[in-house]
Amino acid sequence: MPNSNPACKNGTGGCDPANTEYWANLYPSITLYGSIVGRDGYYGDELTLNNSAEEWFDTPNFSWWSISCRDGVWRLHWDGTASGGGSVDATGGTFPNLTFPGYTTS
């Protein structure tokens, strides 16, 4: 059954792991907007994520924030923050302009 999530449709902005290198060449870095938390608490409202292999990531204040294509969806993942870790799937948009619960990218 096709995924109805607009962030996951094939074509421009589609989430297909085979296209990661293509997107990385077009967008070697993307900006994540939202409440970014590090190991010691609040870090800031935006974070530049740089591409490496199959994801865009940064490690502010000893935490880990990344965006990658997983299971046919763009997924925002964080770990090592003051509250632990977690992940959310994109709810809309096309790469690199994605919408996640509480976060956006450009």
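Position numbers for residues count from 1 along each chain, tracking the sequence in the order it is written. Local features in this predicted model are restricted to residues of pLDDT 70 or higher, and side-chain atom pairs are both shown and tallied only at a pLDDT of 80 or more, whereas totals for entire chains, interfaces and linings draw on every residue. Side-chain measures here rest on the full set of heavy atoms in the structure, leaving out hydrogens and waters.

**Student:** Break down the pairing of strand β6 (residues 84-89) for me, citing the residues and quoting the values.
**Tutor:** Only when DSSP finds a minimum of two bridges between them are two strands counted as paired. In this description a helix means any DSSP run of H or I spanning at least four residues, a strand means any run of E spanning at least two, and both kinds are numbered starting from the N terminus. Here strand β5 (residues 73-81) runs beside β6; their pairing, made up of five bridges, is antiparallel. Bridge pairing links threonine 81 to glycine 84 in β6. Linking β5 to β6, which pair antiparallel, is a turn of two residues.

**Student:** Hey, could you go over the pairing of strand β2 (residues 41-52) for me, with residue numbers and the actual values?
**Tutor:** Bridging between strand β1 (residues 29-38) and β2 involves eight bridges; their strand directions are antiparallel. Of the residues in β2, the one forming a bridge with isoleucine 30 is leucine 49. Counting the residues that bridge the hairpin from β1 to β2 gives two residues. Taking the residues that link successive antiparallel strands as the turn, the β2-strand β3 (residues 55-58) hairpin has two residues, and the phi of alanine 53 there is positive, at about 60°.

**Student:** Tell me what's going on with the sheet that holds strand β8 (residues 97-100), and back it up with residues and numbers.
**Tutor:** Within the open sheet, the nine strands sit side by side as β6-β5-β4-β3-β2-β1-β9-β8-β7. Their pairing is antiparallel. Two strands in the sheet have a free side with no partner beyond their single neighbour: β6 and β7 (92-94). On average, each strand axis in the sheet is inclined to that of its neighbour by 20°, with strand direction left out of account. Two elements, β7 and β8, share three bridges in a ladder whose sense is antiparallel. When the sheet's bridge partners are listed, glycine 93 is paired in β8 with leucine 98. For every element, the axis is a line fit to its C-alpha atoms; helices are fit only across the contacting stretch, and the angle between N-to-C directions ranges from 0 to 180 degrees.

**Student:** Residue-level account of the side chain of threonine 20, with values.
**Tutor:** Looking at the element boundaries, threonine 20 is found in helix α1 (residues 20-26). With relative accessibility at 7%, the residue threonine 20 sits in the buried group. Between N or O atoms, a polar contact is any pair within 3.5 Å; within protein, one atom must be a potential hydrogen donor and the other a potential acceptor, and residues adjacent in sequence are included only when both atoms are from side chains. Side-chain polar atoms of threonine 20 contact the backbone oxygen of proline 17, separated by 3.0 Å. Whether two residues are in contact is decided by their heavy atoms: any pair within 4.5 Å suffices. Residues in contact with threonine 20, not counting those within four places in the same chain, are Ala53, Glu54 and Trp56. Relative accessibility decides the category of a residue: with a 1.4 Å probe and only protein chains considered, values under 20% of the type maximum give buried, values over 50% give exposed, and everything between is partly exposed.

**Student:** Lay out the nonpolar core in plain terms, naming residues and giving numbers.
**Tutor:** Each nonpolar core is a collection of buried residues, namely Ala, Val, Leu, Ile, Met, Phe, Trp, Tyr and Cys, held together in the definition by side-chain atoms within 4.5 Å. Counting 21 residues, the largest nonpolar core has Trp65, Trp74, Leu76 and Phe100 as the members making the most contacts within it. Going through the elements one at a time, α1, β1, β2, β4 (64-70), β5 and β8 are the ones with two or more residues in this core. Apart from the residues lying within four places of it in its own chain, the contact partners of leucine 76 are Leu32, Trp65, Ser66, Ile67, Gly86, Ser87, Val88, Phe100 and Tyr103.

**Student:** Now, about the state of the cysteines: what can you tell me, with residues and values included?
**Tutor:** For the purposes of this analysis, a disulfide is any pair of cysteine sulfur atoms at a distance within 2.5 Å. This structure, assessed with the given rule, holds one disulfide. Across the disulfide from cysteine 15 sits cysteine 69; the S-S distance is 2.1 Å. Here cysteine 15 and cysteine 69 share a disulfide; its torsion about the S-S bond, 125°, makes the bridge right-handed. Of the two residues, cysteine 15 is situated in the segment before α1 and cysteine 69 in strand β4; the sequence distance between them amounts to 54 residues. On the basis of relative accessible area, cysteine 69 is assigned to the buried category, the value being 5%.

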